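Chains, contacts and geometry: an overview
Listed below, chain by chain, are the residues.
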Amino acid sequence: MKKQVDLIIANARELVTVSRSAELGIIHNGAVAVKKGRIAAVGASDDILKSYSSRKVIDAEDKTVTPGLIDCHTHPVFMGDRADEFELKLKGATYQQIGAAGGGIKSTVRKVRNATKSELKANALKYLNRFIRCGTTTMEAKSGYGLTTEDEVKMLEAIKELNGGAIGAINSERPELVPTFLGAHEIPDEYRNNKAGYVDLIIQEMIPLVARRKLAEFCDVFCEKNVFEIEDSRRILKAAQAHGLGIKLHADEFAPLGGAELAAELNAVSADHLMVISDEGMRRMKEKGVIAVLLPGTTFMLGLKSYAPARKMMDAGLTVALATDFNPGTSFTESLPMIMSIACVKMKMTPAEALTAATINAARAIRKEKLIGSLEPGKQADMVIWDCLSYKHIPYHFGVNLVDKVIKAGKVIE
Ligand code: NIG
Ligand code: FE
């Protein structure tokens, strides 16, 4: 008697399970059986079709199947765009100069403060629909364009409602969102001459409220020169930990402040960006198992020459994840495949390393590796069927969308 399941994907040219990261666990002519939104079995097509039957069978001949991509660092809730700044940057202005002139994060903050929660949701939805069509089935989502208690809560509530009302709720039409509180993204104008006052507001009011109302799983800080430096970041992140939030840092992006060392000291889940990480920072992150989240789309769009030292990190044994850093200023793309292309060409990652970085390692960076990030029995059935013969084409065949179908918690999105 064959076991009845809800969905079978069969005959995949390459079924890339990512269950054994060294060789990606590829099954040629592979199949997956899905029941109740979970993976029931993975194996050779002949074996799966002998043991399981389903009314719904997708033939993946000449196609590649991978776990759904996971984008572990994004800023998807905002209003407006910053296309004008893109042009200014092309003419030579730096991100820091644009910020000092009132643009950058602050220009998005003004628009977010003026928007209602429904407007924020409607705007984010446009992008979420595109994320899922690019193969992303789960993404981390940060606040950080409100910078008042009320506006930060408005952003986090928008994320929660887009997710179906609760952390961990699944809306199978679009990517699942993992919320991160980023009140420490910039110093708002009203606190320009009183940074300590803003740090106090974050610690005394925002973090306790966000934690009590379960509006976020993580707290992040933009740890950077002239923004939140090491001591501010330490205070904020320790307060977040005391309230039960996991912690992350935008670290060592432009100035080598020692953000990686701080991430290790505080046992952060991840340190992100790391374009100018020190050797000591790398060593300490490795010692503490902090995930290095690399965001080469930002380096690319800012037109900078030196990328995060991904090869050196991997050779040192660090776990490297990749993410889009989707935001209207420094990295306006929903496409993780595009980021994988940049990671291969500019940071010399192999296609296998890039795929691992955008699946299981990204799951680790949001503490969801037991549930998602690889194709193994019991895990959530989040998958992408790609219209190509090998996973290597995902970064190699660049700038186009190779996604054929996305499966989110067992539901097929065409
Ligand atoms: O990760 N560096 C700070 N935050 C974002 C940029 C956000 C923005 O410019 O709106 C980043 O690159
Ligand atoms: Fe970011």
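Anyway, here's the lowdown on the structure attached to this text.

Parameters and conventions
Residues numbered from 1 in each chain as written. Chains lettered and ligands numbered in written order. Predicted model: local features only at pLDDT ≥ 70, side-chain atom pairs only at ≥ 80, totals over all residues. Heavy atoms only, no water. Helix = DSSP H or I, 4+ residues; strand = E, 2+ residues; numbered from the N terminus. Buried < 20%, exposed > 50% of the residue type's maximum accessible area, 1.4 Å probe, protein only. Contact = heavy atoms within 4.5 Å. Areas by Shrake-Rupley, 256 points an atom, 1.4 Å probe, with all protein chains shown as cover. Lys, Arg positive; Asp, Glu negative; His and termini not counted. Charge placed at Lys NZ, Arg CZ, Asp CG, Glu CD. Pairing = 2+ DSSP bridges. Axes fitted to C-alpha atoms, helices over the stretch in contact; angles between N-to-C directions. Near = heavy atom within 4 Å. Polar contact = N/O pair within 3.5 Å; in protein donor to acceptor, adjacent residues only side chain to side chain. 1 Å grid on protein atoms, 1.4 Å probe; cavity = no way out; pocket = protein on both sides within 12 Å on 5 of 7 lines; lining within 4 Å. Sits in = over half its atoms within 2 Å of the grid points. Nonpolar A, V, L, I, M, F, W, Y, C, P; charged D, E, K, R; others polar. Points joined across faces, edges and corners; volume = space filled by probe spheres on them. Donors = N, O, S within 2.8 Å, 3.2 Å for Na, K, Ca; no water. Salt bridge = Lys/Arg side-chain N within 4 Å of Asp/Glu carboxyl O.

Moving on: the overall build of the chain. Helix and strand content of the chain: 16 helices and 18 strands. Here the C-alpha coordinates of the chain stretch approximately 70 × 40 × 40 Å along the principal axes. Across the 414 residues in the chain, those meeting the buried criterion constitute 61%. Taking contacts inside the chain between residues at least 6 apart in sequence as the whole, the part at least 24 apart equals 71%. Per element, the accessible surface of the chain, about 16200 Å² overall, is 51% carbon and sulfur. Considering the chain, the positive charge centre built from 55 side chains and the negative charge centre built from 51 side chains are found 3 Å apart.

An order of β8-β9-β10-β11-β12-β13-β14-β15 is seen for the eight strands of this open sheet, with the pairing classed as parallel. Since the sheet does not close on itself, it has two edges, and those belong to β8 (69–71) and β15 (320–322), each with one partner. Taking each pair of neighbouring strands and ignoring which way they run, the sheet shows an average axis angle of 25°. As paired strands, strand β13 (residues 270–273) and strand β14 (residues 291–294) are joined by three bridges and run parallel to one another. When the sheet's bridge partners are listed, Ser270 is paired in β14 with Ile291. Contacts from helix α5 (residues 117–133) reach β8, β9 (136–142) and β10 (176–184) within the one sheet, and its direction differs from that of β9 by about 140°.

Attention now moves to the site of ligand 1. Not every one of the 15 residues close to ligand 1 is listed here, only the nearest: Arg82, Tyr95, Tyr145, His185 and Asp325. Between Thr330 and ligand 1, the recorded distance is 3.0 Å, taken from a side-chain N or O atom to an oxygen atom. Within the complex, the protein chains bury 100% of what would otherwise be the 330 Å² of accessible surface of ligand 1. Of the pockets mapped on this structure, ligand 1 occupies the largest cavity. When the residues that make up the shell around ligand 1 are grouped by side-chain class, the tally is four nonpolar, eight polar and three charged.

For helix α13 (residues 336–347), the buried fraction is high: nine of the twelve residues fall into the buried class. If you check which residues of α13 are buried, you get Leu336, Pro337, Ile339, Met340, Ser341, Ile342, Ala343, Cys344 and Met347. One or two positions beyond α13, positive phi appears at Lys348, with a value near 60°.

Our focus in this paragraph is the layout of surface pockets. Unoccupied space between atoms shows up once a probe the size of one water molecule is rolled over them. By volume, the largest pocket amounts to about 360 Å³. Lining the largest pocket we find 16 residues, and of these Gln96, Gly99, Glu186, Lys225 and Val227 sit closest to its centre. Lining the second largest pocket are 14 residues, with Ser335, Met338, Gly399, Val400 and Asn401 positioned closest to its centre. Ranked by residues supplied to the lining of the second largest pocket, first place goes to α13 with three residues. For the lining of the second largest pocket, the per-class residue count stands at eight nonpolar, six polar and no charged.

What follows is about unusual backbone geometry. Despite not being glycine, Val18 has its phi angle at roughly 55°, a positive value. Checked against the element boundaries, Val18 lands in the loop between β2 (7–16) and β3 (26–35). A positive phi angle is found at Arg367, which is not glycine, with a value near 55°. Turning to its location among the elements, Arg367 is positioned in the loop between α15 (360–365) and β16 (383–386). For Arg367, a relative accessible area of 52% translates into the label exposed.

For the iron ion (ligand 2), the protein coordination sphere consists of His73 (NE2), His75 (NE2), His250 (NE2) and Asp325 (OD), at 2.1 to 2.3 Å. Summarised as a motif, the one-chain spacing of the donors to the iron ion (ligand 2) is H-x1-H-x174-H-x74-D. Here the residue His73 occupies a position in the loop between β8 and α2 (83–90), and Asp325 occupies one in the loop between β15 and α13, the gap between them amounting to 252 residues. Of the two residues examined, His73 and Asp325, each falls in the buried class.

It is worth spelling out the pattern of salt bridges at this point. A complete count under the given rule lists 29 salt bridges for this structure. Between Arg234 and Glu231 there is a salt bridge; the shortest N-O distance is 2.5 Å. Of the two residues, Arg234 and Glu231 both sit in helix α8 (residues 230–242), three residues apart, roughly one turn of that helix. Residue class for Glu231 comes out partly exposed when judged on its relative accessible area of 46%. Where salt bridges share partners, they join Lys117, Lys121, Glu157, Glu161 and Arg213 into one cluster.

Enumeration according to the criterion identifies two cavities of 30 Å³ or more in this entry. Its volume calculated, the largest cavity comes out at about 110 Å³. As for the largest cavity, its lining consists of 13 residues, of which His75, Tyr95, His185, Asn327 and Thr330 are closest to the centre. If you add up the space inside the second largest cavity, you get close to 40 Å³. Surrounding the second largest cavity, Thr138, Asn163, Gly168, Ala169, Glu176, Leu177, Val178, Glu217 and Lys368 form its lining. It is β10 that contributes the most residues to the lining of the second largest cavity, three residues altogether.

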